[in-house]
Amino acid sequence: MQNISNSQNFFNKAKDLIPGGVNSPVRAFDSVGGTPRFIQKASGPYLYDVDGNEYVDTICSWGPAIVGHANNDVILAVKDALSNGLSFGAPTEGEMVLSEMIKEHLTSVELVRLTSSGTEATMSAIRLARGFTNRDKIVKFEGCYHGHVDSLLVKAGSGLLTLGNPTSGGIPEPFAAETIVLPYNDCEALTKCFETLPNDIAGVIIEPIAGNMNLVKPDIEFLKVLRHSCNKVGALLIFDEVMTGFRVGPGGAQQLFGISPDLTTFGKVIGGGMPMGALAGKREIMEYLAPIGPVYQAGTLSGNPIAVAAGIATLKIVSQPNFFHSLENITMELIDGLRKIASEYNIHNFSADHVGGMFGIYFRNKVPKTFDDVLDSDIKLFKTFFHEMLTRGVYLAPSPYEAGFLSIKHKGKPIQKILEATQESFEAINGQSS
Ligand SMILES: *Cc1c(COP(=O)(O)O)cnc(C)c1O
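Residues numbered from 1 in each chain as written. Predicted model: local features only at pLDDT ≥ 70, side-chain atom pairs only at ≥ 80, totals over all residues. Heavy atoms only, no water.

### With respect to the overall build of the protein chain
Inference 1: Counting its secondary structure elements, the protein chain contains 14 helices and 16 strands.
Inference 2: Its C-alpha atoms give the protein chain a radius of gyration of 21 Å, near enough to 22 Å, the size a compact globule of 434 residues would have.
Inference 3: Its C-alpha atoms give the protein chain principal-axis dimensions of roughly 60 × 55 × 45 Å.
Inference 4: Contacts in the protein chain between residues at least 24 apart in sequence constitute 72% of all its contacts with a sequence separation of at least 6.
Inference 5: Summed over all atoms, the accessible surface of the protein chain reaches about 18700 Å², with 52% contributed by carbon and sulfur.
Inference 6: Each charge class in the protein chain can be summarised by its mean position, and for the 36 positive and 45 negative side chains these summaries are 1 Å apart. (Helix = DSSP H or I, 4+ residues; strand = E, 2+ residues; numbered from the N terminus. Rg over C-alpha atoms; globule rule 2.2 N^0.38 Å. Contact = heavy atoms within 4.5 Å. Areas by Shrake-Rupley, 256 points an atom, 1.4 Å probe, with all protein chains shown as cover. Lys, Arg positive; Asp, Glu negative; His and termini not counted. Charge placed at Lys NZ, Arg CZ, Asp CG, Glu CD.)

As structure tokens, this is what we get:
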């Protein structure tokens, strides 16, 4: 058995210091049970816990570690920046360099405002959409997560056009009432909503590839209808690419699908593992932000020089010509391998999918298209699989509703290790049920 006594002790102590022992809920392993591993260090595709166990990491810090943990170029860039001081509260050259790298890859981007998290970026994006259009209502989609912004922590009411209900305590009903929640990939519901409220919608925010209800790909037709509907009524289309930006390709989901949003939010990869987010879009809209425009947005540590240095070094690597081709091949090898093994072991409730360097594994027989599809999966089997894999040194996302993420350093041995562990895990699962 794996020794996890230090993690167990730390977790017990942490629960007396930090709510639930963690600083972000999914880390607590609530959906899978058991003891979260306390991590001491990471290198390339591997995590090392405080008991000295090694894991192949399939989360990559929920996306940022796309060039591998403790990547030499990124660490050197950070060390270099560190010696000049940690924060100045004044503009720096690096902010320009990073903004230019973002702009270079996305035709929808003219101006960029850096923040310290994805949540700040989405929060500011909806404020900007409201300020720009002088309207209040925001449309979001079921199963999409946009950070812990009050008016975005909302789920659908019972009817399609009923008002949203908060999914969290502490959110006043009137806030949630300004958010309309529609099913993902449902053109009919979307069209009906826009026909009913043509003059009220400030903006629509969407994960153009959903990665917070496991991985769910959009129908291109759905995105086209969305773009067209926004144009028709003068609502802003906000692509939340906090996860997909520089993860599914250099130009994000918008480049893959050839659909240009009015605003885009970033986070995760663009900070290379440091706290970072960004809000970007057309000049005409972005100039509604203070200090030029009336929409206030700020941050003491926004554009922090250390975070910017990590971001620039990371984007330099991912901008190399064959980067995404290689990452895609690595991810495909994993997904093909998993499908093959599941079929060999007669695990029928299994399917898998990927885009660029992100993937989904689903304990259902078909790849999901909606949030309801995702909910309709064999959670018990997932939990068993998760723990079988973890004890064999593979760290999967500790929830059936999270996507997985690989890095360029997963090539070869790490992928083989995941596939071997999968084989053994399915064998163990079959042994338990017979
Ligand atoms: C992670 C994420 C966020 C929130 O970013 P934080 O940096 O955690 O605040 C927002 N939107 C999407 C799509 C995300 O995946």
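### Looking at the pattern of salt bridges
Inference 1: According to the stated counting rule, one finds 12 salt bridges in the structure shown.
Inference 2: Residue Asp262 is joined to Lys282 by a salt bridge in which the shortest nitrogen-to-oxygen separation is 2.9 Å. You can see Asp262 sitting in the loop between helix H8 (252-257) and strand E11 (263-266) and its partner Lys282 sitting in the loop between strand E12 (277-281) and helix H9 (283-286), a full 20 residues away along the chain.
Inference 3: Note on Lys282: relative accessible area 30%, which makes it partly exposed. (Salt bridge = Lys/Arg side-chain N within 4 Å of Asp/Glu carboxyl O. Buried < 20%, exposed > 50% of the residue type's maximum accessible area, 1.4 Å probe, protein only.)

### Observations regarding the layout of surface pockets
Inference 1: Of the voids in this model, the second largest pocket is the one considered here, and its volume is about 670 Å³.
Inference 2: Lining the second largest pocket are 31 residues, and of these Glu95, Ser99, Val112, Arg113 and Leu114 sit closest to its centre.
Inference 3: Per element, the largest residue contribution to the lining of the second largest pocket is five residues, and it comes from helix H3 (residues 93-105). (1 Å grid on protein atoms, 1.4 Å probe; cavity = no way out; pocket = protein on both sides within 12 Å on 5 of 7 lines; lining within 4 Å. Points joined across faces, edges and corners; volume = space filled by probe spheres on them.)

### Here we look at the nonpolar core
Inference 1: In this structure, Phe141, Val204, Ile206, Leu226, Phe350 and Phe426 are the most contacted members of the largest nonpolar core, which totals 79 residues.
Inference 2: Of the residues that make up this core, three or more belong to each of domain 1 (5-70 + 322-433) and domain 2 (72-318).
Inference 3: When residues no more than four places from it in sequence are discounted, the contact partners of Leu226 are Phe141, Leu190, Val204, Ile206 and Leu237.
Inference 4: Counting 31 residues, the second-largest nonpolar core is a separate cluster that includes Leu106, Met276, Ile312 and Ala313. (Core = buried A, V, L, I, M, F, W, Y, C linked by side-chain atoms within 4.5 Å. Domains from an automatic or database assignment.)

### Observations regarding the site of the ligand
Inference 1: What surrounds the ligand is the set Ser117, Gly118, Thr119, Tyr145, His146, Gly147, Glu207, Asn212, Asp240, Val242, Met243 and Lys268.
Inference 2: One nitrogen or oxygen atom from the main chain of Tyr145 is found 3.4 Å from a nitrogen atom belonging to the ligand.
Inference 3: Protein chains bury 83% of the 380 Å² of accessible surface belonging to the ligand in isolation.
Inference 4: Taken together, the residues of the shell around the ligand sort by class into three nonpolar, six polar and three charged. (Near = heavy atom within 4 Å. Polar contact = N/O pair within 3.5 Å; in protein donor to acceptor, adjacent residues only side chain to side chain. Nonpolar A, V, L, I, M, F, W, Y, C, P; charged D, E, K, R; others polar.)

### A short note on the packing of helix H11 (residues 323-344) against helix H14 (residues 413-433)
Inference 1: At a closest axis distance of 10 Å, the pairing of H11 and H14 adopts a crossing angle of 15 degrees. One element, H11, and the other, H14, form an angle in the roughly parallel class. As for the relative orientation of H11 and H14, their crossing is right-handed in sense. Where H11 abuts H14, its residues Ile330, Glu333, Leu334, Gly337, Leu338, Ile341, Ala342 and Glu344 lie against Ile415, Gln416, Ile418, Leu419, Thr422, Gln423 and Phe426. (Axes fitted to C-alpha atoms, helices over the stretch in contact; angles between N-to-C directions. Parallel < 35°, antiparallel > 145°, perpendicular 65-115°, else oblique. Left-handed = near helix turned anticlockwise from the far one by under 90°.)

### A look at the pairing of strand E2 (residues 46-49)
Inference 1: Residues of E2 alternate between two faces, with Tyr46 and Tyr48 on one and Leu47 and Asp49 on the opposite face, all of them buried.
Inference 2: Pairing of strand E1 (residues 39-43) with E2 involves four bridges; the strand directions are antiparallel. What sits directly across from Ala42, in E2, is Leu47.
Inference 3: What sits between the antiparallel neighbours E1 and E2 is a turn of two residues, in which Gly44 has the positive phi angle 55 degrees.
Inference 4: Of the pairings in the sheet, the one linking E2 to strand E3 (residues 54-57) comprises three bridges and is antiparallel in character. (Pairing = 2+ DSSP bridges.)

### With respect to the environment of Ser116
Inference 1: Take Ser116: it is sitting in the loop between strand E4 (111-115) and helix H4 (118-133).
Inference 2: The class of Ser116 is buried, set by a relative accessible area of 19%.
Inference 3: Sequence-wise, Ser116 and Gln416 are 300 residues apart; in three dimensions their C-alpha atoms are separated by 36 Å.
Inference 4: In this structure, Ser116 is in contact with Pro275, Met276, Gly277, Leu301 and Ser302, ignoring residues within four places of it in sequence.

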